[in-house]
Amino acid sequence: MNIQEALLARSKAYTPYSKFKVGAAILLKDGTYIHGANVENGSYGLTNCAERSALFSLISQGYNPKDIVEITIIGEGPKPISPCGGCRQVMHELIPHTAKVFLANLNGDFKETTVTELLPYGFD
Ligand code: THU
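Every value quoted in this text rests on a predicted model; they were computed, and no experiment measured them. (Residues numbered from 1 in each chain as written. Predicted model: local features only at pLDDT ≥ 70, side-chain atom pairs only at ≥ 80, totals over all residues. Heavy atoms only, no water.)

Caption draft 1: Local environment of the pairing of strand β1 (residues 22-28). In terms of residue burial, β1 counts as a mostly covered element, since seven of its seven residues are buried. Here β1 shows no split at all, with V22, A24, I26 and L28 on one side and G23, A25 and L27 on the other all buried. Taken together, the seven bridges between β1 and strand β3 (residues 68-75) define a ladder with antiparallel strand orientation. Each residue of the ladder has a partner; that of A24, found in β3, is I73. Bridge count between β1 and strand β2 (residues 33-37): five bridges; the pairing is antiparallel. The residue of β2 that forms the bridge with A24 is G36. (Buried < 20%, exposed > 50% of the residue type's maximum accessible area, 1.4 Å probe, protein only. Helix = DSSP H or I, 4+ residues; strand = E, 2+ residues; numbered from the N terminus. Pairing = 2+ DSSP bridges.)

Caption draft 2: Region of interest: the nonpolar core. Membership of the largest hydrophobic core comes to 22 residues, with the highest contact counts inside it found for I26, L55, I68, I73 and I95. Every element with two or more residues in this core is listed here: β1, α2 (50-60), β3, α3 (85-94), β4 (100-104) and α4 (115-118). Filtering out sequence-adjacent residues up to four positions away, I68 remains in contact with I26, L27, L28, L55, L58, L94, I95, P96 and A99. (Core = buried A, V, L, I, M, F, W, Y, C linked by side-chain atoms within 4.5 Å. Contact = heavy atoms within 4.5 Å.)

Caption draft 3: Spotlight on the sheet that holds β2. As summarised here, the arrangement of the five strands in space is β2-β1-β3-β4-β5, forming an open sheet in which the pairing is mixed. Two strands lie at the open edges of the sheet, namely β2 and β5 (110-113), each paired on one side alone. If you compare each strand with its neighbour and ignore which way they point, the axes differ by 15° on average. (Axes fitted to C-alpha atoms, helices over the stretch in contact; angles between N-to-C directions.)

Caption draft 4: Local environment of the state of the cysteines. Applying the stated criterion to the full structure yields zero disulfides. Free of any disulfide, C49 has its nearest neighbouring cysteine sulfur in C87, separated by 3.8 Å. Judged by its relative accessible area of 22%, C49 is partly exposed. As a non-bridged cysteine, C84 has C87 as the owner of its nearest cysteine sulfur, 3.8 Å distant. Look at C84 and you get partly exposed, because its relative accessible area is 32%. (Disulfide = S-S within 2.5 Å.)

Caption draft 5: How the structure looks around the packing of aromatic side chains. Applying the stated rule across the entire model yields two aromatic pairs. Judged by centre distance (5.5 Å) and plane angle (55°), the ring pair of Y17 and Y44 falls under tilted. Of the two residues, Y17 sits in the loop between α1 (3-10) and β1 while Y44 sits in the loop between β2 and α2, which places them 27 residues apart along the sequence. By relative accessible area, Y17 is classed as partly exposed at 43%. Assessed through its relative accessible area of 58%, Y44 is described here as exposed. (Phe/Tyr/Trp six-rings, centres within 6.5 Å; stacked < 30°, edge-to-face > 60°.)

This is the structure we're talking about:
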(Lines give C-alpha, C1' and ligand atoms only; values in the text may rest on other atoms or scores of the structure.)
Protein backbone atom coordinates (compact mmCIF):
# COMPACT_ATOMS: atom_id res chain seq x y z
CA MET A 1 0.00 0.00 0.00
CA ASN A 2 1.31 3.45 -0.85
CA ILE A 3 -0.87 6.19 0.60
CA GLN A 4 1.53 8.96 -0.40
CA GLU A 5 1.34 8.00 -4.08
CA ALA A 6 -2.45 7.68 -3.89
CA LEU A 7 -2.71 11.13 -2.28
CA LEU A 8 -0.50 12.58 -5.00
CA ALA A 9 -2.83 11.04 -7.58
CA ARG A 10 -5.84 12.43 -5.69
CA SER A 11 -4.38 15.95 -5.75
CA LYS A 12 -4.85 15.95 -9.54
CA ALA A 13 -8.60 15.23 -9.44
CA TYR A 14 -10.95 17.47 -11.46
CA THR A 15 -14.13 17.63 -9.40
CA PRO A 16 -15.92 20.98 -9.84
CA TYR A 17 -19.33 19.30 -9.36
CA SER A 18 -19.05 16.79 -6.51
CA LYS A 19 -15.90 18.22 -4.88
CA PHE A 20 -15.20 14.57 -3.98
CA LYS A 21 -11.61 13.86 -4.92
CA VAL A 22 -10.38 10.31 -5.42
CA GLY A 23 -6.88 9.09 -6.24
CA ALA A 24 -5.57 5.74 -7.43
CA ALA A 25 -1.93 4.68 -7.56
CA ILE A 26 -0.97 1.48 -9.36
CA LEU A 27 2.36 -0.18 -8.58
CA LEU A 28 4.01 -2.18 -11.37
CA LYS A 29 6.59 -4.96 -11.02
CA ASP A 30 9.44 -2.63 -12.01
CA GLY A 31 8.53 -0.09 -9.29
CA THR A 32 6.74 2.34 -11.61
CA TYR A 33 3.65 4.09 -10.21
CA ILE A 34 0.76 5.04 -12.49
CA HIS A 35 -1.62 7.68 -11.16
CA GLY A 36 -5.29 8.17 -11.84
CA ALA A 37 -7.76 10.73 -10.54
CA ASN A 38 -11.47 11.24 -11.08
CA VAL A 39 -12.27 13.61 -13.91
CA GLU A 40 -15.80 15.00 -13.89
CA ASN A 41 -17.85 16.57 -16.65
CA GLY A 42 -20.79 18.95 -16.79
CA SER A 43 -22.65 16.11 -18.47
CA TYR A 44 -22.32 14.10 -15.24
CA GLY A 45 -22.55 10.62 -16.72
CA LEU A 46 -19.32 11.22 -18.61
CA THR A 47 -17.31 11.36 -15.38
CA ASN A 48 -14.36 9.01 -15.16
CA CYS A 49 -13.53 7.49 -11.78
CA ALA A 50 -9.97 7.49 -10.44
CA GLU A 51 -9.50 3.72 -10.73
CA ARG A 52 -10.52 3.70 -14.38
CA SER A 53 -8.42 6.78 -15.13
CA ALA A 54 -5.37 4.99 -13.71
CA LEU A 55 -6.01 1.78 -15.62
CA PHE A 56 -6.76 3.56 -18.90
CA SER A 57 -3.64 5.69 -18.46
CA LEU A 58 -1.55 2.57 -17.82
CA ILE A 59 -2.77 0.95 -21.04
CA SER A 60 -2.50 4.20 -23.02
CA GLN A 61 1.12 4.64 -21.97
CA GLY A 62 1.95 1.16 -23.24
CA TYR A 63 2.34 -0.62 -19.89
CA ASN A 64 1.12 -4.16 -19.43
CA PRO A 65 -1.69 -4.64 -16.90
CA LYS A 66 -0.29 -8.11 -16.17
CA ASP A 67 2.59 -6.29 -14.42
CA ILE A 68 0.27 -4.76 -11.81
CA VAL A 69 1.34 -5.68 -8.29
CA GLU A 70 -1.07 -3.56 -6.30
CA ILE A 71 -3.42 -0.58 -6.44
CA THR A 72 -4.18 1.89 -3.67
CA ILE A 73 -7.39 3.93 -3.94
CA ILE A 74 -8.13 6.80 -1.58
CA GLY A 75 -11.04 9.13 -0.94
CA GLU A 76 -12.47 11.06 1.99
CA GLY A 77 -15.09 9.42 4.17
CA PRO A 78 -15.78 7.63 7.45
CA LYS A 79 -14.78 4.28 5.91
CA PRO A 80 -12.26 3.26 3.22
CA ILE A 81 -13.54 4.16 -0.25
CA SER A 82 -15.77 1.64 -2.01
CA PRO A 83 -15.27 1.44 -5.80
CA CYS A 84 -18.41 1.71 -7.94
CA GLY A 85 -19.78 -1.29 -9.79
CA GLY A 86 -18.44 -0.14 -13.16
CA CYS A 87 -14.91 0.20 -11.81
CA ARG A 88 -15.17 -3.24 -10.23
CA GLN A 89 -15.90 -4.72 -13.65
CA VAL A 90 -12.99 -2.86 -15.26
CA MET A 91 -10.65 -3.89 -12.43
CA HIS A 92 -11.88 -7.49 -12.76
CA GLU A 93 -10.77 -7.52 -16.40
CA LEU A 94 -7.49 -5.63 -16.10
CA ILE A 95 -6.01 -6.23 -12.66
CA PRO A 96 -4.45 -9.64 -11.97
CA HIS A 97 -6.57 -11.49 -9.45
CA THR A 98 -3.45 -12.11 -7.34
CA ALA A 99 -2.78 -8.35 -7.03
CA LYS A 100 -3.50 -6.55 -3.79
CA VAL A 101 -6.20 -3.88 -3.78
CA PHE A 102 -6.00 -1.36 -0.94
CA LEU A 103 -8.99 0.89 -0.21
CA ALA A 104 -8.30 3.84 2.08
CA ASN A 105 -9.69 7.05 3.51
CA LEU A 106 -7.92 10.16 4.80
CA ASN A 107 -8.09 9.08 8.46
CA GLY A 108 -5.71 6.15 8.14
CA ASP A 109 -8.42 3.49 7.83
CA PHE A 110 -7.83 0.95 5.08
CA LYS A 111 -9.04 -2.38 3.76
CA GLU A 112 -6.97 -4.92 1.83
CA THR A 113 -8.94 -6.86 -0.75
CA THR A 114 -8.77 -8.35 -4.27
CA VAL A 115 -10.70 -7.86 -7.48
CA THR A 116 -12.36 -11.26 -7.01
CA GLU A 117 -13.59 -10.28 -3.58
CA LEU A 118 -14.89 -6.96 -4.92
CA LEU A 119 -16.70 -8.60 -7.85
CA PRO A 120 -17.53 -12.26 -7.30
CA TYR A 121 -18.60 -14.12 -10.46
CA GLY A 122 -17.58 -11.13 -12.61
CA PHE A 123 -18.04 -11.15 -16.38
CA ASP A 124 -15.07 -12.31 -18.43
N1 THU B 1 -15.45 8.15 -7.63
C2 THU B 1 -14.24 7.63 -7.96
O3 THU B 1 -13.45 8.26 -8.67
N4 THU B 1 -13.92 6.41 -7.49
C5 THU B 1 -14.68 5.68 -6.61
O6 THU B 1 -14.27 4.60 -6.18
C7 THU B 1 -15.99 6.21 -6.17
C8 THU B 1 -16.45 7.45 -6.86
C9 THU B 1 -15.77 9.52 -8.07
C10 THU B 1 -16.77 9.71 -9.16
C11 THU B 1 -17.21 11.14 -8.92
O12 THU B 1 -16.29 12.02 -9.56
C13 THU B 1 -17.07 11.33 -7.43
O14 THU B 1 -16.25 10.27 -6.97
C15 THU B 1 -18.37 11.35 -6.66
O16 THU B 1 -19.13 10.26 -6.95
